[in-house]
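Given next are the chains, with one letter for each unit.
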Amino acid sequence: MPSRRDFLANLAQAGFALSAVRVKHLPVRQAPGSRLLDLPIGLDWRMLGPFRGGRVAAVSGVPGRPDEFYFGHVNGGVWKTTDAGRTWVPIFDDQPVASIGALAVAPSAPNVIYVGSGESTLRDSVGFGNGVYKSTDAGRTWTHLGLDDTQHIGKIAVDPRNPDVVFVAAIGHLYAANAERGVFRSKDGGRTWQKVLYKDENVGAVEVVIDPADSRVVYAGLWNTRRPPWFVYAPTNGPGGGIYKSTDGGSTWQQLTAGLPPAGIGRTGIAVAPSNPRRVYAVVDCLVPDPSAPPPPPAPQAPGRPSPPPPGQGGVFRSDDAGATWRRVGADQALWGRGWYFEKIAVDPHDPDIVYVPNVAVNRSRDGGATWDVIRGSPGGDDYHQAWVSPDNPDILIVASDQGAIITRNARTADPRAMTWSSWLNQPTAQTYHASVDYRFPYWVVGAQQDSGAVAVRSRGKFAQISQRDWEPIGAAGESGYAAGDPLHPGVIYGGDGSRWDLETNLSVPNTSAPKGSETDRGDWTQPLVLSAADPHALYYASQFLFKTTDGARTW
């Protein structure tokens, strides 16, 4: 059977999101009570799509190779393009882990790539990793370098002149304390590691950057974060976070405090301007209320989201003396809000006044942080996680988002609306929470895709293959709910909290509704919605209550 990489290369496309399996033969009779997948049968997998990108946490280009880029997907491995994003190919599928939090290409050795496994976008639905990997042949083969118990890696930095000197910012376990967290350094290409910045078993590192002009200068961001075993929207910011600096290659560190929030610092992102290394930017998450800020205007609360907090002390900070002192140049929540999910920053390599801050959109300043404009990707998705600017040509920019990785070649264009981008409809890396089947012929597979909404995918295309044309967005199930195809009514599915949808019109069926209990639902991110295997008329939905309908969601 051809590999996924061969399959995608043949199609000049890339990826995997939903698949169908076909039983090739049944060599033995199935015993009562056994499961189909327990049998020693041949299974033939084929990709269905959708050809729509999913959540990417890490991106990098390659100095000296303007068409070559990599991205690390939070559950889909590492991908590579050699044609500036026209096609993407997975290059990490033979490794035992798929969740990627960080990657870095050695500036002085473009074939050397370091990858940190375990995503750093720490949602409640999260993938974890088993340490650091390295390739010395541009991604063709990989070696595991250890740091197995770090689980989540926020950033990797490689010495600009020595590919064997590498720093890893390890967040550590998300749900418990552990010792293998903090900043690690290797001087021998990852064969051995030394923990060089560590506070305690609760405080990890999420950021590390090396001064491009003087590799003895290293900056790092520490973060104390934790999730409980029950559902909460955001993880916590515990004590011990902050920004640190080393001037001896990482052997000793000093915390930077002048002008930064005095307490409550959470996730941070740091960038040094290559054209003026004394110019350092930091985006800082700090929810401690800002005593100087006016109270926010009242706003309606979105379902499933917490009420907006009072203005905090976070923001974009700038230093013009290599971190000795700082001043806040951007306090807008659009720059630093939901900091546990974002907080990355990048600087134009030729102009220290041009800075990029990914958040719900990518924010760009061309005057050192005094004013900001908003950049959207192609065709304009939400939630961006990292930006990388080419050191050779600052018009070349790649950004990571919840909708994949996209590239522009005119990043310096004054009007963001004039910027052009590669497509995110050629990298089927969708995070699909649950899958169901709609009973039309040929059948469709339906499910909810993280941050892009629910999707329906044909099981059989019209042109002898499943192509980019053979999927469509649907209204039921949202970005995280269950979908359930109605076996009695092909073309009708139930989604999310039990609403009924007609796929032909992509509208909710009239006179149907979601169930309502006697009190507010205590909903999780994903609530179960299941059709009965015994009675095809019966549909169940559960929160702290259990609901049932037998009349197509008209009554519960």
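Residues numbered from 1 in each chain as written. Predicted model: local features only at pLDDT ≥ 70, side-chain atom pairs only at ≥ 80, totals over all residues. Heavy atoms only, no water.

Trainee: Honestly, the overall build of the protein in this entry has me stumped. Any pointers?
Mentor: Scanning the protein from terminus to terminus reveals 2 helices and 42 strands. Within the protein, the fraction of its 556 residues that count as buried is 56%. Within the protein, counting contacts between residues at least 6 apart in sequence, those at least 24 apart form 54% of the total. Counting only carbon and sulfur atoms, one obtains 53% of the accessible surface of the protein, whose full area is about 22,900 Å². (Helix = DSSP H or I, 4+ residues; strand = E, 2+ residues; numbered from the N terminus. Buried < 20%, exposed > 50% of the residue type's maximum accessible area, 1.4 Å probe, protein only. Contact = heavy atoms within 4.5 Å. Areas by Shrake-Rupley, 256 points an atom, 1.4 Å probe, with all protein chains shown as cover.)

Trainee: It is not clear to me how the sheet that holds strand 11 (residues 153–158) should be interpreted in this structure. Could you clarify?
Mentor: Within a sheet, adjacent strands bond to each other through the backbone by hydrogen bonds, running parallel or antiparallel. The strand order across the open sheet built from 4 strands is 11-12-13-14, with neighbouring strands paired in antiparallel fashion. Each edge of the open sheet is held by one strand with a lone partner, namely strand 11 and strand 14 (194–197). Adjacent strand axes in the sheet meet at a mean angle of 25°, parallel and antiparallel pairs treated alike. (Pairing = 2+ DSSP bridges. Axes fitted to C-alpha atoms, helices over the stretch in contact; angles between N-to-C directions.)

Trainee: Help me understand the packing of aromatic side chains in this model?
Mentor: Geometry of an aromatic ring pair is reported as the spacing of the ring centres plus the angle between the planes. Per the counting criterion, the structure on display carries 11 aromatic pairs. A ring pair is formed by F92 and Y133, whose centres lie 5.2 Å apart and whose planes are at 80°; its orientation type is edge-to-face. A residue pair is termed long-range when its members are at least 10 positions apart, and F92 in the loop between strand 6 (89–90) and strand 7 (100–105) and Y133 in strand 9 (residues 132–135) qualify at 41 residues. Residue F92 is classed as buried on the basis of its relative accessible area, which comes to 1%. The class for Y133 is buried, based on a relative accessible area of 1%. Residues Y233 and W340 carry aromatic rings whose centres are separated by 5.6 Å and whose planes lie at 90° to one another, so their mutual orientation is edge-to-face. Placement of Y233 in the loop between strand 17 (225–226) and strand 18 (236–237) and of W340 in the loop between helix 2 (333–336) and strand 25 (346–347) is noted, with a sequence separation of 107 residues between them. For the residue pair Y233 and W340, the accessibility class agrees, reading buried in each case. Each member of the aromatic cluster is reached from another via a ring pair, and the members are Y233, W340, Y341, F342 and W525. Over the face of the ring belonging to W340 we find R227, whose NZ or CZ atom lies 5.5 Å from the ring centre. Directly above the ring of F463 sits R469, whose terminal nitrogen or CZ lies 5.5 Å from the centroid. (Phe/Tyr/Trp six-rings, centres within 6.5 Å; stacked < 30°, edge-to-face > 60°. Lys NZ or Arg CZ within 6 Å of the ring centre and 35° of its normal.)

Trainee: Honestly, the pairing of strand 34 (residues 453–458) in this entry has me stumped. Any pointers?
Mentor: It is a general feature of regular strands that their side chains alternate between the two faces of the sheet. Of all the 6 residues making up strand 34, 6 are buried; the element is thus mostly covered by neighbouring parts of the structure. Sheet topology places strand 33 (residues 444–449) next to strand 34; 6 bridges connect them, and they run antiparallel. Bridged to W444 within strand 34 is R458. Here strand 33 folds back onto strand 34, and the loop between the two strands holds 3 residues, one of which, D451, carries a positive phi near 60°.

Trainee: Help me understand the sheet that holds strand 15 (residues 204–210) in this model?
Mentor: The strand order across the open sheet formed by 4 strands is 15-16-19-20, and the pairing between neighbours is antiparallel. Of all strands in the sheet, those with a lone pairing partner are strand 15 and strand 20 (254–256), marking the two edges. The sheet shows a mean angle of 30° between the axes of neighbouring strands, direction not considered. Two strands pair when backbone bridges link them, and strand 16 (residues 218–223) and strand 19 (residues 242–246) are joined in this way by 5 bridges, in the antiparallel orientation. Note that in strand 19 the partner of Y219 across the bridge is K245.

Trainee: I keep staring at a nonpolar patch on the surface and nothing clicks. Help me out?
Mentor: Where nonpolar side chains cluster on the molecular surface, the patch consists of V437, Y439 and Y443 and spans about 260 Å² of accessible area. Mapping Y443 onto the fold places it in the loop between strand 32 (432–438) and strand 33. (Patch = residues over 30% accessible without salt bridge, like charges linked within 9 Å, V, L, I, M, F, W, Y side chains within 5 Å. Salt bridge = Lys/Arg side-chain N within 4 Å of Asp/Glu carboxyl O.)

Trainee: I would appreciate a short explanation of the nonpolar core in the present structure.
Mentor: Burial of nonpolar side chains together is a common tendency in soluble globular proteins. In this structure, Y114, V132, I156, V158, V168 and W193 are the most contacted members of the largest nonpolar core, which totals 17 residues. Among the elements of the structure, strand 7, strand 11 and strand 12 (166–170) are those that each provide at least two residues to this core. Beyond its immediate chain neighbours, meaning those up to four positions away, V158 contacts A104, A106, P107, Y114, P163, V165, V166 and I210. (Core = buried A, V, L, I, M, F, W, Y, C linked by side-chain atoms within 4.5 Å.)

Trainee: Just to check I follow, could you spell out the pairing of strand 11 for this structure?
Mentor: Counting buried residues along strand 11, 6 of its 6 residues qualify, which places the element largely inside the surrounding structure. Pairing between strand 11 and strand 12: 5 bridges, direction antiparallel. By the bridge assignment, I156 is partnered in strand 12 with V168.

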